[in-house]
Amino acid sequence: MGHPALEGKGAVVTGAAGGIGRALAARLVAEGARVVVNDVDADRLAATADEIGAVAVPGDCSSASGVDDLVATAAHVLGRIDVYCANAGIDHTLADSLQLPDEQWAQMLDVNVMGHVRAARTLVPGWVETGGGRFVVTASAAGLLTMIGAAAYSTTKHAAVGFAEWLSITYGDRGVAVQAICPQGVQTAMLDQAGPLKDLLSHDEALTPDAVADAWVSSLDDDRFLVLPHPEVGGYYAARAADTDRWLGGMRRLQAKVDGLS
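S.K.: What exactly am I supposed to notice about the overall build of the chain here?
M.R.: Along its length, the chain carries eleven helices and seven strands. In terms of overall size, the chain behaves like a compact globule, its C-alpha atoms giving a radius of gyration of 18 Å where 262 residues would be expected to give roughly 18 Å. Its C-alpha atoms give the chain principal-axis dimensions of about 55 × 40 × 30 Å. Burial statistics for the chain: of 262 residues in total, 48% are counted as buried. When contacts within the chain are restricted to residue pairs at least 6 apart in sequence, those whose partners lie at least 24 apart make up 66%. Of the accessible surface of the chain, which amounts to about 12,000 Å², a share of 53% is contributed by carbon and sulfur atoms. Distance between charge centroids for the chain: 5 Å, based on 18 positive and 32 negative side chains.

Written out as structure tokens, the structure reads:
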């Protein structure tokens, strides 16, 4: 028997060729869901879909036309989309994050924020009319705490959490469950590319993508909004709110350590 919130449901997972997206999709299949996976890497996505028992629908889930195509195709394949995991995310980090070019900011805003907005815009009205659905955003601890050295990533992940909060406030009593998964370090290619930040991000243990998927499924028992695979993040988030200046001072000390590693 799968989890009652997932068994028999039609689910879509974006950014699912590898990493957290693949783990979420595989766990959905194991819980008895029927799953469509999406990614811009069509070849890798096809291999993943074949291995986990999902249907591959490659394409760009961040653009308006890409979202429309994905939702239409997935609805045809699944009959109904009950769960949408807006997992796709990208990071462009430079040594001097402030100098990241406008076009890379725009691309990160498109994938990390507007992809969620466009998917919700397409799905939520129908869910409200036909019995509800579940919208799951893979954000990041960076969306709660800010990541050293990563201006655009932190900003877009804050926006992703903020949009998810707004969705929950607006539609949570109208049948739409909304969740934000906010892990810290996870054993993915993105962590491997983090350079001197890798050890900092792994301070509270770099989890496997499967552990993140496990944390999400466990969260369904009480349907909580914030899914924190690293429980420590909840304490950091509370400390940040309770005394923001003290928290910023601590983060500046961490920044100095990172500067010393560069």
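S.K.: Looking at this model, I keep getting lost on the pairing of strand 5 (residues 133–138). Mind explaining?
M.R.: Counted residue by residue, strand 5 has six buried out of six residues, so it is predominantly covered. Alignment of strand 4 (residues 83–86) against strand 5, held across four bridges, turns out to be parallel. For Tyr-84, the partnering residue across the bridge sits in strand 5 and is Phe-135. The parallel pair strand 4 and strand 5 is bridged by helix 4 (residues 102–130), and the resulting crossover is right-handed. In the sheet, strand 5 pairs with strand 6 (residues 176–181) via six bridges, with the strands oriented parallel.

S.K.: Help me out: how do you make sense of the packing of aromatic side chains in this one?
M.R.: The geometry of an aromatic ring pair is captured by two quantities: the separation of the ring centres and the angle between the planes. Tallied over the full model, the rule gives three aromatic pairs. Residues Tyr-84 and Phe-135 carry aromatic rings whose centres are separated by 5.7 Å and whose planes lie at 10° to one another, so their mutual orientation is stacked. Residue Tyr-84 is located in strand 4, and its partner Phe-135 is located in strand 5; the two are separated by 51 residues in the primary sequence. Judged by its relative accessible area of 0%, Phe-135 is buried. Their ring planes at 75° and their centres at 6.0 Å tell us that Trp-166 and Tyr-171 sit as a pair that is edge-to-face.

S.K.: In this structure, what is going on with the pairing of strand 6? I would like to understand it.
M.R.: Within strand 6, six of the six residues are buried, leaving the element largely enclosed by the surrounding structure. Burial along strand 6 is two-sided: the residues Val-176, Val-178 and Ala-180 and Ala-177, Gln-179 and Ile-181 are all buried. As judged from the two bridges shared by strand 6 and strand 7 (residues 226–227), these two strands associate in the parallel manner. Within strand 7, the residue paired with Ile-181 across the bridge is Val-227.

Criteria and thresholds
- Residues numbered from 1 in each chain as written.
- Predicted model: local features only at pLDDT ≥ 70, side-chain atom pairs only at ≥ 80, totals over all residues.
- Heavy atoms only, no water.
- Helix = DSSP H or I, 4+ residues; strand = E, 2+ residues; numbered from the N terminus.
- Rg over C-alpha atoms; globule rule 2.2 N^0.38 Å.
- Buried < 20%, exposed > 50% of the residue type's maximum accessible area, 1.4 Å probe, protein only.
- Contact = heavy atoms within 4.5 Å.
- Areas by Shrake-Rupley, 256 points an atom, 1.4 Å probe, with all protein chains shown as cover.
- Lys, Arg positive; Asp, Glu negative; His and termini not counted.
- Charge placed at Lys NZ, Arg CZ, Asp CG, Glu CD.
- Pairing = 2+ DSSP bridges.
- Right-handed = clockwise from strand over helix to strand, strands pointing away.
- Phe/Tyr/Trp six-rings, centres within 6.5 Å; stacked < 30°, edge-to-face > 60°.

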